[in-house]
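Fold and contact review
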Amino acid sequence: MIKNQYKCVSKFILALIISLISNELLAQKQGVSPKSNSTFWNNVQFGGGIGLGFGNGYTDISLAPSAIYNFNEYVALGLGAQYTYVKQRGFYTSNLYGGSIIALFNPIREIQISAELEELRVNVNLDGSYGDLQDYWNTGLFFGLGYRNGNVTIGARYNVLQDDSKNVYSQAFMPFVRVYF
């Protein structure tokens with residue numbers, strides 16, 4: 001059943017990407033000079049996140065760079081990468097790495113709607129009598145809504161593919177802060 005959901009989600013994301021790109025291509029002016037191709041980089045924004053968490057025998061380090069291309073003032077599409085290292089002394093050590101595709105829609109300047117497909121490889125080494133090694137892929141499809149002010153968006157997202165039995169996130173609903181420069 002999960003495999004069928006994954007296929008449906010993949011088809012949806014592919015259709016979304018194709019429709020966004022084809023819409024942009026059809027909207028181009030005729031007779032554009034080659035010099036105007038340099039405007040591509042004017043529509044690209046870079047951002048991402050850095051996370052550090054330390055506690056009593058606990059370490060959490062995350063790095064998640066991303067980039068988006070703004071097709072116009074309403075629609076953007078982008079790619080992201082992620083690496084996370086987590087260690088709880090005496091219990092486990094984990095490495096998570098992967099990527100994501102994100103689509104952003106701004107119906108008005110202050111509101112941002114997002115859809116993000118994330119694929120992470122999860123490696124967990126359980127210490128002692130807790131078990132051995134867990135090694136699996138984790139797929140998340142997040143739909144989000146946020147308030148945007150300039151380059152910063154604050155909001156919440158929901159993972160519609162949340163599986164509590166085997167998921168890297170403890171819950172489907174989570175807040176976010178998104179920054180692009």
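What follows covers the overall build of the protein. Counting secondary structure elements, the protein contains 1 helix and 8 strands. Seen in sequence order, the protein has helices and strands lined up from the N terminus as α-β-β-β-β-β-β-β-β. Counting every position in the protein, which comprises 181 residues, the buried fraction comes to 35%. Look at the contacts in the protein between residues 6 or more apart in sequence, and 47% of them connect residues 24 or more apart. For the protein, the exposed surface amounts to about 11,700 Å²; the carbon and sulfur share of it is 61%.

The next subject is the pattern of salt bridges. Using the criterion set out here, one finds 2 salt bridges in the structure. Among the ionic pairs, Arg157 bridges to Glu116, the shortest N-O distance being 2.9 Å. Here the residue Arg157 occupies a position in strand S7 (residues 152–159), and Glu116 occupies one in strand S5 (residues 111–126), the gap between them amounting to 41 residues. Across this residue pair, the class does not change: Arg157 and Glu116 are buried.

The subject of this paragraph is the pairing of strand S4 (residues 92–108). As defined by bridge partners, strand S3 (residues 75–88) adjoins S4 across 14 bridges and the pair is classed as antiparallel. Bridge pairing in S4 places Gly80 opposite Ser100. Where S3 hands over to S4, the hairpin turn is made up of 3 residues, of which Gly90 adopts a positive phi near 85°. Bridging between S4 and S5 involves 15 bridges; their strand directions are antiparallel. By the bridge assignment, Gly98 is partnered in S5 with Leu120.

Let us look at the sheet that holds strand S2 (residues 58–70). Taking strand neighbours across the sheet as the criterion, the 8 strands line up as S1-S2-S3-S4-S5-S6-S7-S8 in an open arrangement whose pairing is antiparallel. Unpaired on one side and paired on the other, strand S1 (44–55) and strand S8 (173–179) mark the two borders of the sheet. On average, each strand axis in the sheet is inclined to that of its neighbour by 20°, with strand direction left out of account.

A word on the packing of aromatic side chains. By the definition in use, this model includes 4 aromatic pairs. Here the aromatic rings of Phe40 and Trp41 are separated by 4.9 Å at their centres, their planes lie at 85°, and the arrangement is edge-to-face. Taking relative accessible area as the criterion, Phe40 reaches 37% and is therefore assigned partly exposed. Using a relative accessible area of 58% as the deciding quantity, one classes Trp41 as exposed.

Moving on: the nonpolar core. Residues Leu96, Leu120, Val122, Val124, Leu126, Tyr136, Phe142, Tyr169 and Met174 constitute the largest nonpolar core, which totals 9 residues. Secondary-structure elements contributing two or more residues to this core are S5 and strand S6 (133–149). Sorting elements by how many residues they give to this core places S5 first, with 4 residues. Within the second largest apolar cluster, 6 residues are counted, among which are Val44, Tyr69, Leu77 and Ala103.

On the secondary structure map, Ile102 appears in strand S4. Spatially, the C-alpha atom of Ile102 lies 5.2 Å from that of Gly78, the residues being 24 residues apart in sequence. Excluding residues within four positions of it along the chain, Ile102 makes contact with Ile68, Ala76, Leu77, Gly78, Ala115, Glu116, Arg178 and Tyr180.

Here we come to the confidence of the model for the protein. Mean pLDDT for the protein: 83, with 77% of residues reaching 70 or above. Here residues 20–33 is a poorly scored stretch, pLDDT under 50, and it has 5 contacts once near neighbours within four places are set aside; other chains count.

Definitions and limits used
Residues numbered from 1 in each chain as written. Predicted model: local features only at pLDDT ≥ 70, side-chain atom pairs only at ≥ 80, totals over all residues. Heavy atoms only, no water. Helix = DSSP H or I, 4+ residues; strand = E, 2+ residues; numbered from the N terminus. Buried < 20%, exposed > 50% of the residue type's maximum accessible area, 1.4 Å probe, protein only. Contact = heavy atoms within 4.5 Å. Areas by Shrake-Rupley, 256 points an atom, 1.4 Å probe, with all protein chains shown as cover. Salt bridge = Lys/Arg side-chain N within 4 Å of Asp/Glu carboxyl O. Pairing = 2+ DSSP bridges. Axes fitted to C-alpha atoms, helices over the stretch in contact; angles between N-to-C directions. Phe/Tyr/Trp six-rings, centres within 6.5 Å; stacked < 30°, edge-to-face > 60°. Core = buried A, V, L, I, M, F, W, Y, C linked by side-chain atoms within 4.5 Å. pLDDT = per-residue confidence, 0-100.

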